[in-house]
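The chain contents come next:
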Amino acid sequence: RLLQTLHDVGLDYLKLGQPSPTLSGGEAQRIKLARELGKRSTGSTLYLLDEPTTGLHFADVAKLLEVLHGFVDAGNTVVVVEHSLDVIKTADWVIDLGPEGGAGGGEILVAGTPEEVAACDASYTGQALREVLELKSKKKATRKSKPTKSTARSAAEKANTNQIQIRGAAQHNLQSIDLTVPRDQMSVFCGPSGSGKTSLAMDTLYAEGQRRYVESLSAYARQFLGQMPKPKLEHISGLSPAIAIEQKTVGATPRSTVGTVTEIYDYLRILFARLGQMHCPDCQSEVTRQTTDQIIDRILSLPEKTALYLGAPITVPVGQSYTKLWDRLGTQGYLRVRINGTTYPLEEVPEIDHKREHVVEVVVDRIKVDPAARGRIGDSVESALDLGRGILHVIHADKETPEPKWRVDRLSLHYSCPVCD
């Protein structure tokens, strides 16, 4: 389901391991959108998006619109700051700001359906939208909303619950505007650059929604959250919890990736841990775990009378003395150790440079493969596995070959490759 959300927003070309700082602004915003798609919908959330079509191909814009309208069909409210006519013409409600940017903007020129905006001569957006709607005159540009339970409510109840009322918004260059945004629909804020679209959507609607949410928490919880400043406005009503999906880097750290941000990585990790089958990277054989009985059977499957040493590997950190190890092995009854491929009696162990790493194996028993000696072999194998912490070295003693070149089979109670070991 989470992977499907990436496909729905047109990001199926991304790799899950791609670092988040390498994403463009549009990609980062759609990653956030995909993350919200993967969550369980409450049906009463206000989503605010800042130019989500940035860098998108026309085919991907169509996919994005399907996602946004899906939010609305689930009972949520979507507010989009956008210049793309493909988005504006499919909106349920359009709010055009202007007439110019900066100090010459901050006013609402027209608010209504795309057809009503196109009929406004003072609106630059309306002039551009008029041509698009004329080309599509035989098709409806606006989307029919699916009937919901709210259709049975009274008109008075609808007025209170199905719209967001903003009065006296004066954040940044907004000119104390009054505005009504319908709920459970997709509304688009459009207009020239600098006309106040983001100031109205992000710095007013989202900021007030977040501020009210933080104020509803306990004093203890508020100290961990950065509270947004109160926007300049007289009154706002009908506001629900808001989620802003902005064009900013999505990762909290430079190590964030597409997989971690969308939380797909967490599910993949569980999937591979529970259902995945490990294979050796060298020979591609299936990695398995062996029991003590399987190890004994494997030893007894060797040709009869084969001379073997059963060794238990011992790890000694570099820098530590080996003297205490020899003393401990002597008190436990062991007689021989194998150091770097050569066997020595414990009484004749040579001096070892403790500043270097060495391969040390305790020779637990010297045996010959004989099915009749299964009891002795089994006891020795168990002792070696216990001393070697689940690892046993089966050393093939060949008198015709120098000892350092003797074949060594590594058998383990842990996951290991049966071929390479």
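Residues numbered from 1 in each chain as written. Predicted model: local features only at pLDDT ≥ 70, side-chain atom pairs only at ≥ 80, totals over all residues. Heavy atoms only, no water.

Visitor: Can you lay out the overall build of the protein for me, pointing to particular residues and giving the numbers?
Guide: Scanning the protein from terminus to terminus reveals 14 helices and 15 strands. The principal-axis extent of the C-alpha atoms belonging to the protein is close to 100 × 50 × 40 Å. With 421 residues in all, the protein has 44% of them scored as buried. At a minimum sequence separation of 6, the contacts of the protein that also span at least 24 residues come to 67%. Summed over its atoms, the accessible surface of the protein is roughly 22,900 Å², and 51% of this surface lies on carbon and sulfur atoms. (Helix = DSSP H or I, 4+ residues; strand = E, 2+ residues; numbered from the N terminus. Buried < 20%, exposed > 50% of the residue type's maximum accessible area, 1.4 Å probe, protein only. Contact = heavy atoms within 4.5 Å. Areas by Shrake-Rupley, 256 points an atom, 1.4 Å probe, with all protein chains shown as cover.)

Visitor: Tell me about the pattern of salt bridges, and please be specific about residues and values.
Guide: On inspection of all chains with the given rule, the structure shows 13 salt bridges. One salt bridge connects Asp-297 with Arg-374, and the closest N-O pair in it is separated by 2.9 Å. Taken as a pair, Asp-297 in helix H12 (residues 292-300) and Arg-374 in helix H14 (residues 374-387) lie far apart in primary sequence, 77 residues in all. Under the relative-accessibility criterion, Arg-374 is labelled partly exposed at 35%. Here the salt bridges share partners, and the residues they tie into one network are Glu-208, Arg-211, Arg-212, Glu-215 and Lys-230. (Salt bridge = Lys/Arg side-chain N within 4 Å of Asp/Glu carboxyl O.)

Visitor: Explain the packing of aromatic side chains residue by residue, including any values.
Guide: Across all of its chains, the model carries three aromatic pairs by this definition. Centroid distance Tyr-309 to Trp-406: 5.7 Å. Interplanar angle 80 degrees. Geometry classified as edge-to-face. Highlighted residues: Tyr-309 in strand E10 (residues 307-314) and Trp-406 in the loop between strand E14 (391-396) and strand E15 (408-412), separated in sequence by 97 residues. On the basis of relative accessible area, Tyr-309 is assigned to the buried category, the value being 14%. According to the relative accessible area criterion, Trp-406 is buried, its value standing at 13%. When the ring centre of Tyr-415 is taken as reference, the NZ or CZ atom of Arg-289 above it lies at 5.3 Å. (Phe/Tyr/Trp six-rings, centres within 6.5 Å; stacked < 30°, edge-to-face > 60°. Lys NZ or Arg CZ within 6 Å of the ring centre and 35° of its normal.)

Visitor: Give a detailed account of unusual backbone geometry, specifying residues and quantitative values.
Guide: Trans is the common state for peptide bonds, and a negative phi is the common state for residues other than glycine. Each neighbour pair has its own omega, and for Gly-98 with Pro-99 the value is 0 degrees, a cis peptide bond. By the element assignment, Pro-99 lies in the loop between strand E3 (93-98) and strand E4 (107-112). Residue Lys-305 is not a glycine yet carries a positive backbone phi of 75 degrees. Mapping Lys-305 onto the fold places it in the loop between H12 and E10. At Arg-389, a position not held by glycine, the phi torsion is positive, near 55 degrees. With respect to the helices and strands, the residue Arg-389 is situated in the loop between H14 and E14.

Visitor: I'd love a proper account of a nonpolar patch on the surface, names of residues and values included.
Guide: A grouping of Tyr-213, Tyr-220, Phe-224 and Leu-225 is seen on the molecular surface, where their side chains present a nonpolar patch of about 490 Å² in accessible area. With respect to the helices and strands, Phe-224 occurs in the loop between helix H9 (219-222) and strand E8 (235-237). For Phe-224, a relative accessible area of 57% translates into the label exposed. (Patch = residues over 30% accessible without salt bridge, like charges linked within 9 Å, V, L, I, M, F, W, Y side chains within 5 Å.)

Visitor: Let's hear about the pairing of E14: which residues, and what values?
Guide: Looking along a regular strand, one sees side chains alternate from face to face of the sheet. Among the six residues in E14, six count as buried, and that is most of the element. What you see with E14 is no split at all: Ile-391, His-393 and Ile-395 on one side and Leu-392, Val-394 and His-396 on the other are buried throughout. The sheet contact formed by E10 and E14 spans four bridges and is antiparallel. Across the sheet, the residue bridging to Leu-308 is His-396, located in E14. (Pairing = 2+ DSSP bridges.)

Visitor: So, the sheet that holds strand E13 (residues 360-368): which residues are in play, and what are the values?
Guide: In sheet architecture, strand pairing relies on hydrogen bonds along the backbone and comes in two forms, parallel and antiparallel. Spatial ordering of the open sheet is given by E12-E11-E13-E10-E14-E15, a layout of six strands whose pairing is antiparallel. Two strands in the sheet have a free side with no partner beyond their single neighbour: strand E12 (342-345) and E15. Here the average twist between neighbouring strands, direction ignored, is 35 degrees. Relative to E13, strand E11 (residues 336-339) is paired through four bridges, and the arrangement is antiparallel. (Axes fitted to C-alpha atoms, helices over the stretch in contact; angles between N-to-C directions.)

Visitor: Report on helix H8 (residues 197-215), specifying residues and quantitative values.
Guide: Here H8 is 19 residues long and its end C-alpha atoms lie 26 Å apart, about the 27 Å a rise of 1.5 Å per residue gives. At Ala-207, H8 shows its maximal kink, close to 30 degrees. (Expected span 1.5 Å × (residues − 1). Bend = angle between axes of the 7 residues up to and from the residue.)

Visitor: Tell me about the packing of helix H2 (residues 25-37) against helix H3 (residues 58-73), and name the residues and values.
Guide: Where H2 contacts H3, the two axes come as close as 12 Å, and the packing angle between them is 40 degrees. Here H3 runs oblique to H2, going by the angle between their axes. For the pair H2 and H3, the sense of crossing is left-handed. Here H2 contributes Leu-33, Glu-36 and Leu-37 to the contact with H3, which in turn contributes Leu-64, Val-67, Leu-68 and Phe-71. Looking at the contact of H2 with H3 residue by residue, the class counts come to six nonpolar, no polar and one charged. (Parallel < 35°, antiparallel > 145°, perpendicular 65-115°, else oblique. Left-handed = near helix turned anticlockwise from the far one by under 90°. Nonpolar A, V, L, I, M, F, W, Y, C, P; charged D, E, K, R; others polar.)

In short, the description is geometric, and any link to function would need to be established separately.
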